[in-house]
Every structure is written in structure tokens, then in C-alpha cells.
Amino acid sequence: MFRNLTLLHLPDNAIPEQQNLVDALDGARLRPPGPLELATQGFVSPYGRNHDVLVHGVSRHSLITFGTEARLLPTQIVNDALADRLDKLEAERGRRPGGKERQRLKDEVLTELMPRAFIKPGRTDAWLDHDTGWLAIDTASRKTAEAVAHGLRQALGSFPATPIAAQASARLVLTAWLTGDALPDDFVLGDECELRDPGDDGAIVRCRRQNLGADEIREHINAGKQVAQLAVAYDGRLTFVLGEDLTVRKLRFGDVVLDQLGDVTGENAIAELDARFALMTGEVGRLLKRLEILFELA
């Protein structure tokens, strides 16, 4: 199940049908980088290696996996190899090569080293709700989320997913939750928060394993700091850290949820994925509907 949720949203008239998604991703599969390529990206099977299926569908929900393969070529190794060549030429000619020749030599070094570099794979899961237009990506990194969205745009031709925007200031809402003035009945405070001064260069206070009702936390709020991240539990079923950009971090499913998996765990890899994905979409779908109301999402 996902550990993080970076949320993007599609307008109703831009949500692809599942079969369109399947067809589009088939032409955007991840391939290994060529001898002179630093990295490639594309889609891989959510079932793992040795599987060709690129979309796992449950009802009107699709699970996809965006993959990358990047050659590991540390800068120091390139610089050392280049320095050796420069030293050799200087010894032969009695002078150090100039700028243009240095660049040519560096290109030669890269060309020689790249085919021998190790390849590091990367995988990021994403879930598309074909009814609501939500795209939830299992990352807390905006850069990674945008890479996934860009991959979908390239595959589909058009995929105008945008970050969600709260009509009310999420920072002010979370601050009110922390002070206890407006915490919804179905939410409970956790033990982690990040407080920031409103100014661009303001102080930052991070608390973990902390009683958020303590006087010291209240003093920071009274001094003008606002909540940028807040740990909460939702409806006794989910715990997570919610950011002012409405990114969900450290998502965990409670025992009452995990117990619903029953004996399927470990029985069969695909059956387990099917059960976990169905359970996740149901639980997180409820959460997203609640966040839409609480933060007046648009």
C-alpha cells in the first residue's frame, strides 16, 4: 500500500478511460538505457519483474508504475579520469589543454565510461480514479510526482493533471486543528508537527514524539508560528502527516483496516495486490472526500 500521497487532479472532461490508458502505456514502456544514454523512463508492470501487464484495474481504479533506469556515473570518477588525460597531454606537450579541448576530452571520457556504469532502477506507483479524476502518486516529492505526470502526458498526448488548490489557507486550517479550536470530530492529533513563522526566512520548529497539547507548543503558536505539517489519525483507520500543500506523508493503515485482508496475504502475489489495492482505494477514497470538504478543494 502507498506510504505517501502527492495529489493531482484532472478535470472531468480529461479523465482517460481505462482501456485508453492501457493502450497508451503499451507504447510508453520503460526500456534499458543505450550505451550512451544516462537515463531512460517509462512504465513497468505493477506486478513486478517478468510481467507485461502495465495497468492493474479494480472497478474504476487503475494502478500503474512509473519506472526509471539511470546510469550511476559519479562526478569524481569522471573528474579523475579527465585529470589523468590532461596530465598525460600536459607531460607530452609541455602545456595544459585549453577549454575547448578539455570539453572534447571530457566527452570522450563520458563516452568510454557510460557503457560500464551500473544502472540504478527507480519505481513509483500511482493510482488514478477514473470517476473523480484524482491521481495519487506514492511519493512526497513534487519533482517525482511531476515526472510521473509528464510520463502520462507523453503517453496519452494530453493529461492536464494539476496540483490541488485549497480555497482556504491549509496552513491556517491546520493551525486551528492544533490549537483544538476546529479539529474535526473524526480526526485525532498525532505526535508530530512542523511549525513555521509566516515570513519567508522565518524560524522552523519540528517536533516528533511530542505531546502536541503541551504548553511549549501553544507558546510557539501564540508567538505567531503556523502549522506547516501535522500528524493526525482519521476515523481510527488511517494515520498520516498532512502538509500545508496537502501532501500526505507516512501514511499507515490501522489494524482494523489490515484485518480485512484476512488470509489473502502471501497466498498469491497478484491476488494480494488486488486485495490491497481495493482496500487502499476504498480507505483513501473516503479520506480524499473528507479533505475535499474540510479544505474546500478546487
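Just so it is clear, the model here is predicted, and its values are computed rather than measured. All residue numbers refer to positions counted from 1 along the written sequence of the respective chain. It should be noted that, the model being predicted, local features are given only for residues of pLDDT at least 70 and side-chain atom pairs only at 80 or more, the latter also being counted only at that level, while totals for whole chains, interfaces and linings use all residues. With hydrogens and water stripped out, all remaining heavy atoms of the structure feed into the side-chain values.

(A) Looking closely at the packing of aromatic side chains. For this analysis, a ring pair means two rings from Phe, Tyr or Trp (six-membered ring only for Trp) whose centres lie within 6.5 Å, classed as stacked if their planes differ by under 30 degrees, edge-to-face if by over 60, and tilted for the remaining angles. As enumerated under the stated definition, the model contains 4 aromatic pairs in all. Note on Phe43 and Phe66: the rings are 5.3 Å apart at their centroids and 70 degrees apart in plane angle, and the pair reads as edge-to-face. Linking Phe43 in strand S2 (residues 39–44) with Phe66 in strand S4 (residues 61–72), this pair joins segments that are 23 residues apart in sequence. A centroid spacing of 5.6 Å and a plane angle of 55 degrees characterise the contact between Trp177 and Phe295, whose relative ring orientation is tilted. Remark: Phe295 occurs in the segment after helix H8 (269–294) and Trp177 occurs in helix H5 (residues 170–179); sequence separation between them is 118 residues. Of the aromatic side chains, those joined through ring pairs into one cluster are Trp177, Phe187, Tyr234 and Phe295. Only DSSP runs of H or I covering at least 4 residues are called helices, and only runs of E covering at least 2 are called strands; the numbering of each starts at the N terminus.

(B) Examining the sheet that holds strand S8 (residues 187–196) more closely. Pairs of strands are assigned from DSSP output, requiring at least two bridges between the strands. One open sheet accounts for 5 strands, arranged S9-S8-S10-S11-S12; its pairing is antiparallel. Every interior strand has two partners, whereas the edge strands, strand S9 (204–208) and strand S12 (248–253), have only one. Pairwise comparison of adjacent strand axes, ignoring direction, gives a mean angle of 15 degrees for this sheet. The pairing of S8 with strand S10 (residues 226–234) spans 7 bridges and is classified as antiparallel. Paired with Glu194 across the bridge in S10 is Gln229. Between two residues, a contact is recorded if the distance between any of their heavy atoms is within 4.5 Å. With axes taken as lines fitted to C-alpha atoms, and helix axes fitted only over the stretch in contact, angles between N-to-C directions fall between 0 and 180 degrees. The sheet strands contacting H5 are S8, S10 and strand S11 (238–243), and the helix crosses S10 at an angle near 60 degrees.

(C) Just the pattern of salt bridges, in detail. The salt bridge definition used is simple: a Lys or Arg side-chain nitrogen within 4 Å of an Asp or Glu carboxyl oxygen. As enumerated under the stated definition, the model contains 24 salt bridges in all. Ionic pairing is found between Arg29 and Asp26, a salt bridge with its closest N-O pair at 2.9 Å. Relative accessibility thresholds used throughout: buried, under 20% of the residue-type maximum; exposed, over 50%; partly exposed, between the two (1.4 Å probe, protein chains only). The class for Arg29 is partly exposed, based on a relative accessible area of 36%. Among the ionic pairs, Glu244 bridges to Arg171, the shortest N-O distance being 2.7 Å. Of the two residues, Glu244 sits in the loop between S11 and S12 while Arg171 sits in helix H5, which places them 73 residues apart along the sequence. The class for Arg171 is buried, based on a relative accessible area of 15%. Connected via shared salt-bridge partners are Arg85, Arg93, Glu101, Arg104, Glu108 and Glu112.

(D) Representation of H5. Burial within H5 is extensive, with 8 of its 10 residues counted as buried. Of all the residues in H5, the buried ones are Ala170, Arg171, Val173, Leu174, Thr175, Trp177, Leu178 and Thr179. For H5, the elements touching its buried residues are S8, helix H6 (215–222), S10, S11 and H8. At the exit of H5 stands Gly180, carrying a positive phi of roughly 85 degrees.

(E) Here's a closer look at the nonpolar core. Counting residues in hydrophobic clusters, the biggest one holds 44 residues, and the most contacted among them are Trp177, Leu230, Phe240, Leu242 and Phe295. With 7 residues, the top contributor of residues to this core is H8. Among all residues touching Leu242, those that are not within four sequence positions of it are Leu174, Trp177, Ala228, Gln229, Leu230, Thr247, Val248, Leu291 and Phe295. Judged by nonpolar contacts, the second largest core, of 24 residues, contains Leu10, Ala126, Ile137 and Ala161. For the purposes of this section, nonpolar cores are sets of buried Ala, Val, Leu, Ile, Met, Phe, Trp, Tyr and Cys residues that join through side-chain atoms within 4.5 Å.

(F) Local environment of the state of the cysteines. Only a pair of cysteine sulfur atoms within 2.5 Å counts as a disulfide in this structure description. Inspection of every chain in the model, using the stated rule, returns 0 disulfides. Unpaired in this structure, Cys193 has its nearest cysteine sulfur neighbour in Cys207, at a distance of 4.2 Å. Assessed through its relative accessible area of 3%, Cys193 is described here as buried.

(G) Molecular detail of the packing of H5 against H6. Relative to each other, H5 and H6 sit at 145 degrees, their axes nearing to 11 Å. Crossing of H5 over H6 shows left-handed handedness. Residue-level inspection shows Thr175, Leu178 and Thr179 of H5 in contact with H6, the latter providing Ile217, Arg218 and Ile221. It is the rotation of the near helix from the far one that decides the hand of a crossing: anticlockwise by less than a right angle makes it left-handed, clockwise makes it right-handed.

(H) Focus on the environment of Leu156. Within the secondary structure, Leu156 sits in helix H4 (residues 142–156). The exposure class of Leu156 is partly exposed, given its relative accessible area of 23%. The spacing of Leu156 and Gly27 is 129 residues in sequence and 9.5 Å in space, taken between C-alpha atoms. With near-sequence residues (within four places) excluded, Leu156 lies in contact with Pro16, Asn20, Leu21 and Ala24.

(I) The environment of Arg276, seen in detail. With respect to the helices and strands, Arg276 occurs in helix H8. For the pair Arg276 and Gln260, spaced 16 residues apart in sequence, the C-alpha to C-alpha distance is 9.5 Å.

(J) Structural view of the side chain of Thr281. If you trace the backbone, Thr281 turns up in helix H8. Beyond its immediate sequence surroundings of up to four residues, Thr281 is in contact with His61 and Trp127.

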